[in-house]
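Structural features, examined
Chain by chain, the residues:
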Amino acid sequence: LSCVVYGRFPGDLHAPVSTPLSIDLQDNVCWVQQEFHGRTEVQADLQSAATCRTACRHDAFCSHFLWEDGKCKFTIRYGDVPKHVLIGGPRKLEKENLATIPGYSRFEVTMDVTMHSTRGGWSNLLHVTKGGNCCGEGQRLPAIFVHSGSTKLHICTGGQGAGNTCANPPRALTLNEVTRIVIRVDGGKYTVLYNDVQVHESNLPRPTSMMGKELQVLASDSTHGAAPDATVSYLSIAPLDEVVTALGKVSGCSDSSTCIHVSIPDLGVVNGPYCPLGQDKHRGTVYLRHGPSPETTLYLVQYLAAKDPQVQGCEDGSYVLRATLPGRDIVKPDAGYFELRGEVQVCLEKDFAKKAASGTSTLGQLDTTSCPAPNVTSQASGDGEEIMVQPLALDDPGTADPLDFWLHPCDCIPDGWEGPPVSPEAREVIPPKSGNKFVPPAFELVKGQMVCDMAYLIDVQFESADETMEQKVCESRCRSEPACRFFWHGTQHDTNTCRMYSDCHNLVREFGIEGILGSVPREQMCQVANPEGCWATTLRRSFLTRLDPVTCGSHVCPGKSQLVTHADKVVCGFPHEAGRGCSDALCCSAFVLGMAEGIPHTDPDLFALAELPGDLGWNATAAAEWTEDTDGLMEQENLAHVLVDGEVEAAENQTGVDLDVNGSSLVETFGIDPHYAAGGHTADLMCDDTAGNHWIYIYEDGKPSQDRGHIRGGWCGHAGAYTQHADVDGDGMADMICDDTAGNHWVYLIRDGKLHQDLGHVKSGWCGHGGSYTQ
């Protein structure tokens, strides 16, 4: 794309200025030809190479595709296909359909069988077939028969043009003893083994073409008389290696993040992976290969005839391999400045990097074994995966809607928008014909002993002999009271109680009660595109890692437009995110694309709310610090650390606290997640005392597994200090947080049940006023 950017100065003293802007749109999915062991599945509905590639691109389960003989084939690595274990314990052989499996051209069948007696007439132990008995291709893959009046076996398989190739091992199976039968079709050979001793070998030159097609696995096929008198204790069918050549999908690739493997015939010394070093203002991406010696450490870079010494036969813009000269080369990747003084060793073709990325170069391709993490704007989601956010936002200047060619996960869903990043669940919430402007229903904020400030209490109503007080009744009364925006329903001294609040600036724990705090929205709001993506980066993480977000509070709106309500809580982005910043569309009341970051809300799958023009009317500080569950699901719990409810409620991911018998330590038993050991899914025990000592006991399957013992002393033991636990760095394991009554806060990261990194003093002067404490 070629554009012109114009800039105007206030008044008439200066004429507008302009500058050209060229935008090179690149595909962030690349394709690399690879050979591997696997199988292919024909996609009959895809009729061209282009539609085949596109379908594989959008299919999360497609890693490779192949367009061959006018057919689209998705490929599956055999390493990803489990062995089909169909019988895993002793069972009397009976006639039954065990399973449906895909066919394999090379396979191995393993069966442990015990024959108890002989029977007259043919009988069948196992029959794997596409349908039918004999003798077409795919009707015996394999089939195992028992001779009449004997325990000798007749074992058949097949291939193309030979659907009934059979073996008759002379050795009979010993009665009442287990015999392991292995049938292997591999590389044109058909072999049978009894207890690891080969009893048959023959040629099968043309393997079956049934690969990927459905086959029925039948125990004692009913077409062959009564079942043998036998017990089968094990049966498995497993694919053997298939060599497949296909195009592999490389997601998130770009010339600034993906290595290129150079493969020049007869020049092995220069071949290998060249990885991005930085972006030069004139040459584009500069790649570097670290060789075993200085002489074999080379740059891969564009050749510029106007700046470089003349190279015979090398066109301007061609890529070259260039020697490194340490001490003379000027390399400043952060500034985008490279002066390379080494000699050109090899001249390659023009557009070599693009051709390597598209798989059309004969001299190199993407190196999928050496790719670093994609260097694009992203946000870490709660399950540990990255949620990619486009660094470039496109707008149609001919329409009034801003950024109508791109949608941020936190933006309101426009009418008619189809596809990512809008999630199907988000679209279902929008009432029909509402234009995505509606008043949401009441929803639950938090369960337990948390209520709003007494300063905002409007009324308290109790259940009486004449009138019940259910949650729906409490919600209805709050809705009918114009000043009521929050309600609490629960039991207080064994009596159902309803409280109504006009606001909720702080959550307060009140002992002796148990209930639900809910909210009744009053203003129109909108459903955002992707709630999980929107909440992936949280204010709480920025608070604890010293990464302060950029908010609308300092933004200047144009003309008569005013900042949106609670502008200091509307997050535009973070300083490290390229291309992110506050905009009129996000921050000013004349626009509708925005997000009220501070709204207390605990169900990101139900509502992630964006602010519309006018007074939102919600309290934006009731949950100023959002917490994330240690399982990474980003379930907001409306407190700076972990919600403490006084009892373990695992289903709510809450925290219970029990006093040790001597009253000097707190043993915090976490509901489901925070765990301390890598890969764990069971809650672990953490013991802290007032002297600053800390212990960890790892649990597995609900039982004590490993005592990590005393992990730290003299940390968080000063006057007024107390230790709490939450996942700060998003690795799925709980970390230690120290807060004190003077408003100081420290963080110590924990990995695999061990101390990992002391982040030190992360905040001061916050939550240190009289009567305050951090949770």
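Residues numbered from 1 in each chain as written. Predicted model: local features only at pLDDT ≥ 70, side-chain atom pairs only at ≥ 80, totals over all residues. Heavy atoms only, no water.

**Focus: the overall build of the protein**
Broken down by element type, the protein carries 7 helices and 50 strands. Each of the 775 residues in the protein was classed as buried or not, and the buried ones make up 47%. Restricting the contact set of the protein to residue pairs at least 6 apart, pairs at least 24 apart contribute 58%. Counting every atom, the protein has about 37,000 Å² of accessible surface; 51% of that belongs to carbon and sulfur. (Helix = DSSP H or I, 4+ residues; strand = E, 2+ residues; numbered from the N terminus. Buried < 20%, exposed > 50% of the residue type's maximum accessible area, 1.4 Å probe, protein only. Contact = heavy atoms within 4.5 Å. Areas by Shrake-Rupley, 256 points an atom, 1.4 Å probe, with all protein chains shown as cover.)

**Side note on the packing of aromatic side chains**
What the rule picks out here adds up to 3 aromatic pairs. The interplanar angle of 55 degrees and the centroid separation of 6.2 Å between the aromatic rings of Tyr319 and Phe352 together place this pair among those described as tilted. Residue Tyr319 is located in strand E24 (residues 318-323), and its partner Phe352 is located in helix H2 (residues 352-358); the two are separated by 33 residues in the primary sequence. For Tyr319, a relative accessible area of 9% corresponds to the buried category. (Phe/Tyr/Trp six-rings, centres within 6.5 Å; stacked < 30°, edge-to-face > 60°.)

**Topic: the pattern of salt bridges**
Counting across every chain of the model gives 15 salt bridges. Arg283 serves as the salt-bridge partner of Asp308, at 2.7 Å between the closest nitrogen and oxygen. On the criterion of sequence distance, the pair formed by Asp308 in the loop between strand E23 (298-302) and E24 and Arg283 in the loop between strand E21 (272-280) and strand E22 (284-289) is long-range, its members being 25 residues apart. Residue Asp308 shares its accessibility class with Arg283, and that shared class is buried. The salt bridge partner of Arg477 is Glu467, with a shortest N-O separation of 2.0 Å. Of this pair, Arg477 sits in helix H4 (residues 471-480) while Glu467 sits in the loop between strand E33 (457-462) and H4, and the two are 10 residues apart along the sequence. For Glu467, a relative accessible area of 37% gives the class partly exposed. (Salt bridge = Lys/Arg side-chain N within 4 Å of Asp/Glu carboxyl O.)

**Some details on H4**
Every α-helical turn comprises 3.6 residues, leaving residues that sit three or four positions apart pointing alike. For H4, every residue scored as buried is listed here: Cys474, Glu475 and Cys478. Across the axial projection of H4, the buried residues extend over an arc of 100 degrees, all falling on one side. Away from the buried face of H4 by more than 90 degrees, exposed residues Lys472 and Ser480 are located. In this structure, the buried side of H4 is in contact with strand E34 (486-492) and strand E35 (495-501). (Arc of directions from axis to C-beta.)

**Quick word on the nonpolar core**
In terms of nonpolar packing, the biggest core is built from 37 residues, with Leu125, Leu153 and Ile155 touching the most fellow members. Top contributing element to this core by residue count: strand E9 (residues 107-115), with 5 residues. With sequence-adjacent residues up to four places away left out, Leu125 is seen in contact with Leu93, Met111, Val113, Ile144, Val146, Leu153, Leu218, Ala219, Ser220, Pro228 and Ala230. Ranked by size, the runner-up nonpolar core spans 22 residues in total, among them Cys30, Val262, Ile264 and Tyr274. (Core = buried A, V, L, I, M, F, W, Y, C linked by side-chain atoms within 4.5 Å.)

**Considerations on the sheet that holds strand E12 (residues 153-159)**
One open sheet holds the 6 strands; their spatial order is E8-E17-E10-E11-E12-E13, and the pairing between them is antiparallel. Sheet topology places strand E8 (96-102) and strand E13 (162-167) at the edges, where each strand pairs with a single neighbour. This sheet shows a mean twist of 20 degrees between the axes of neighbouring strands, independent of strand direction. Relative to strand E17 (residues 214-219), strand E10 (residues 123-129) is paired through 4 bridges, and the arrangement is antiparallel. Looking across to E17, one finds that Thr129 is bridged to Gln216. (Pairing = 2+ DSSP bridges. Axes fitted to C-alpha atoms, helices over the stretch in contact; angles between N-to-C directions.)

**Describing unusual backbone geometry**
Here the bond from Cys134 into Cys135 is cis, since omega is 10 degrees, no more than 30 degrees from zero. In this fold, Cys135 is placed in the loop between E10 and strand E11 (143-146). Cis geometry marks the peptide bond from Leu141 to Pro142, where omega comes out at -5 degrees. Here Pro142 is to be found in the loop between E10 and E11. Even without being glycine, Asp351 reaches a positive phi, approximately 55 degrees. The residue Asp351 is located in the loop between strand E27 (344-350) and H2 in this model.

**Digging into the state of the cysteines**
If you walk through the whole model with that rule in mind, you get 13 disulfides. In this model Cys56 forms its disulfide with Cys62; the gap between the sulfur atoms is 2.1 Å. Judged by the sign of its S-S torsion, about -90 degrees, the bond between Cys56 and Cys62 is left-handed. Disulfide partner of Cys134: Cys135, at an S-S distance of 1.5 Å. Disulfide Cys134-Cys135: the torsion about the S-S bond is 85 degrees, which places it as right-handed. (Disulfide = S-S within 2.5 Å.)

**Comments concerning the environment of Phe438**
By the secondary structure assignment, Phe438 is in the loop between helix H3 (424-429) and strand E31 (443-448). We classify Phe438 as buried; its relative accessible area is 8%. Spatially, the C-alpha atoms of Phe438 and Gln527 are 8.7 Å apart, while their sequence positions differ by 89 residues.

**Overview of the environment of Ser222**
By the element assignment, Ser222 lies in the loop between E17 and strand E18 (230-239). Sequence spacing of Ser222 and Lys95 is 127 residues, and the spatial spacing of their C-alpha atoms is 6.3 Å.

**Notes on the pairing of strand E44 (residues 685-689)**
Inspection of the sheet shows E44 paired to strand E45 (residues 694-700) by 4 bridges, in the antiparallel sense. Following the sheet pairing, Cys687 is matched in E45 by Trp695. The hairpin turn running from E44 into E45, its antiparallel successor, is 4 residues long, and Gly692 in that turn takes a positive phi close to 90 degrees.

**Some details on the sheet that holds strand E50 (residues 754-763)**
Ordered in space as E47-E48-E49-E50, the 4 strands form an open sheet in which the pairing is antiparallel. Of all the strands in the sheet, just strand E47 (721-726) and E50 have a single pairing partner and so form its edges. For this sheet the average axis-to-axis angle between neighbouring strands, irrespective of direction, equals 20 degrees. Note: E47 against strand E48 (residues 735-740), 6 bridges, orientation antiparallel. Among the inter-strand pairings, Gln724 is bridged to a residue of E48, identified as Ile737.

**Some remarks on the side chain of Asp280**
With respect to the secondary-structure elements, Asp280 resides in strand E21. Buried charge Asp280 goes without a salt bridge, the closest partner of opposite sign being Arg283 at 4.3 Å. Here Arg283 takes part through its backbone nitrogen, which lies 2.9 Å from a polar atom of the side chain of Asp280. (Lys, Arg positive; Asp, Glu negative; His and termini not counted. Polar contact = N/O pair within 3.5 Å; in protein donor to acceptor, adjacent residues only side chain to side chain.)

**Section: the side chain of Arg499**
One can find Arg499 in strand E35. Owing to a relative accessible area of 4%, Arg499 belongs among the buried residues under this scheme. A polar contact is formed between the side chain of Arg499 and the side chain of Gln492, at a distance of 3.1 Å. Beyond its immediate stretch of four places on either side in the chain, Arg499 contacts Val451, Met454, Leu457, Asp459, Val460, Cys474, Phe486, Phe487, Trp488, Gln492, Glu510 and Ile513.

**Here we look at the confidence of the model for the protein**
The pLDDT averaged across the protein works out to 76; a share of 78% of its residues lies at or above 70. In the predicted structure, residues 370-391 sits below a pLDDT of 50 and forms 49 contacts with residues beyond four places in sequence or in another chain. In this model residues 591-679 is a low-confidence stretch, pLDDT under 50, and it forms 313 contacts with partners more than four residues away in sequence or in other chains. (pLDDT = per-residue confidence, 0-100.)

**A short note on the environment of Ala483**
Position of Ala483 among the secondary structure elements: in the loop between H4 and E34. Judged by relative accessible area, Ala483 falls into the partly exposed class, the value being 37%. Spatially, the C-alpha atom of Ala483 lies 8.1 Å from that of Ile458, the residues being 25 residues apart in sequence. With sequence-adjacent residues up to four places away left out, Ala483 is seen in contact with Ile458, Tyr501 and Ser502.

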